[in-house]
Amino acid sequence: MSSSDIFIGETIGTAILILLGGGVCAAVTLKASKARNAGWLAIAFGWGFAVLTAVYTSAPLSGAHLNPAVTLGIAIKDGDWSDVPVYWAGQLLGAMIGAALVWVAYYGQFHAHLTDREIVGGPGAQATAAKAVEAQEKGAGPVLGVFSTGPEIRNAVQNLATEIIGTVVLVLAVLTQGLNDDGNGLGPLGALITALVVVSIGLSLGGPTGYAINPARDLGPRIVHALLPLPNKGGSDWGYAWIPVVGPLAGGAIAAGIYNLAFA
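Residues numbered from 1 in each chain as written. Predicted model: local features only at pLDDT ≥ 70, side-chain atom pairs only at ≥ 80, totals over all residues. Heavy atoms only, no water.

(A) Structural view of the packing of aromatic side chains. Counted according to the given criterion, the structure contains five aromatic pairs. Relative to Tyr211, the ring of Trp40 has its centre 5.8 Å away and its plane inclined at 65°; by these criteria the two rings are edge-to-face. Taken together, the residues span a long stretch of sequence, with Trp40 in helix H2 (residues 40-62) and Tyr211 in the loop between helix H10 (188-205) and helix H11 (215-227) at a distance of 171 residues. Taking 5.8 Å as the distance between ring centres and 20° as the angle between the ring planes, the aromatic pair formed by Tyr259 and Phe263 counts as stacked. For Tyr259, a relative accessible area of 16% translates into the label buried. (Phe/Tyr/Trp six-rings, centres within 6.5 Å; stacked < 30°, edge-to-face > 60°. Helix = DSSP H or I, 4+ residues; strand = E, 2+ residues; numbered from the N terminus. Buried < 20%, exposed > 50% of the residue type's maximum accessible area, 1.4 Å probe, protein only.)

Below you can see the structure in the form of structure tokens.
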């Protein structure tokens, strides 16, 4: 795979991943969405199908890492670091593009949600505004969850551990079951296995932090949230932003270490 193929494949694949994954979060969260309040099952399966679609689309070009933690795990497994910067650059750019496309697709819903007094507060607001104010006091605006993850209980040690544990499961599954014959990306069956693993992680381990398990998936959309002209959008919670970056990278490295010790 050439560097240009890797960059293009990771950009396209990660954009699709975030468009569909962020899209299900928007569908469940925003007012005037037909899927509003569909719940955690919809989100977990929506992200799983997002992974499946993104991997099948981008695998012929780049091997469909779509996640800096997966790229790191494969690099540690193989000892080849030459393409890591290209993978990471494509993943971050793709995540930002995907987040921007979610905003375009749900433009009217974002406006309706963020101008509703029950959501953002103001004169005449009802009790639900208190939740929005509480979230903003913690640094997270009322639609940040469409773009990035956040904890239900803020405890840096627990939040970091949760992200590490979830990513270890993901990357270890990729390294043991998901790789193609060349070992440099996901194969056709591996795409399905990985998608189901993501659903399982979401259902089992997603409750505490929203299961970023992917630094680009969280950081790219968080940057877009900070830049978009959304009314009353609140903060982007940069105080928490390091956890869904450091945790998954640490988890990917640990998973590769386990693989090299137990499976190689």
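(B) Layout of the pattern of salt bridges. According to the stated counting rule, one finds four salt bridges in the structure shown. One salt bridge connects Lys31 with Asp116, and the closest N-O pair in it is separated by 3.4 Å. Highlighted residues: Lys31 in the loop between helix H1 (3-29) and H2 and Asp116 in the loop between helix H5 (107-114) and helix H6 (117-120), separated in sequence by 85 residues. Look at Lys31 and you get partly exposed, because its relative accessible area is 24%. For Asp78, the salt bridge goes to Lys77, with nearest N and O atoms at 2.6 Å. In this structure Asp78 comes out as partly exposed when scored by relative accessible area, which is 42%. (Salt bridge = Lys/Arg side-chain N within 4 Å of Asp/Glu carboxyl O.)

(C) Looking closely at empty space enclosed by the protein. One pass over the full model with this rule turns up two cavities of 30 Å³ or more. Considering only enclosed or pocket space, the largest cavity measures out at about 240 Å³ in volume. Lining the largest cavity are 20 residues; nearest its centre among them are Leu17, Val51, Asn67, Val198 and Asn214. If you list the elements that add at least two residues to the lining of the largest cavity, you get H2, helix H9 (156-178) and H10. Considering every element that reaches the lining of the largest cavity, the biggest residue donor is H2, with three residues. Looking at the lining of the largest cavity, its residues break down into 14 nonpolar, five polar and one charged. Of the voids in this model, the second largest cavity is the one considered here, and its volume is about 40 Å³. Lining the second largest cavity are Ile18, Gly22, Trp47, Ala99, Val102, Val146, Phe147, Arg217 and Pro221. Mapped onto the lining of the second largest cavity, the elements with two or more residues apiece are H1, helix H4 (84-105), helix H8 (144-147) and H11. Residue composition of the lining of the second largest cavity, by class: seven nonpolar, one polar and one charged. (1 Å grid on protein atoms, 1.4 Å probe; cavity = no way out; pocket = protein on both sides within 12 Å on 5 of 7 lines; lining within 4 Å. Points joined across faces, edges and corners; volume = space filled by probe spheres on them. Nonpolar A, V, L, I, M, F, W, Y, C, P; charged D, E, K, R; others polar.)

(D) Quick look at the side chain of Lys233. Locating Lys233 in the fold gives a position in the loop between H11 and helix H12 (243-262). For the buried Lys233, no salt bridge exists, and the shortest N-O distance to an oppositely charged side chain is 14 Å, to Asp237. Looking at Lys233, its side chain comes within polar contact range of the main-chain oxygen of His225, at 2.8 Å. In contact with Lys233, other than residues within four places in its own chain, are Leu114, Gly141, Pro142, His225, Ala226, Leu227 and Leu228. (Lys, Arg positive; Asp, Glu negative; His and termini not counted. Polar contact = N/O pair within 3.5 Å; in protein donor to acceptor, adjacent residues only side chain to side chain. Contact = heavy atoms within 4.5 Å.)

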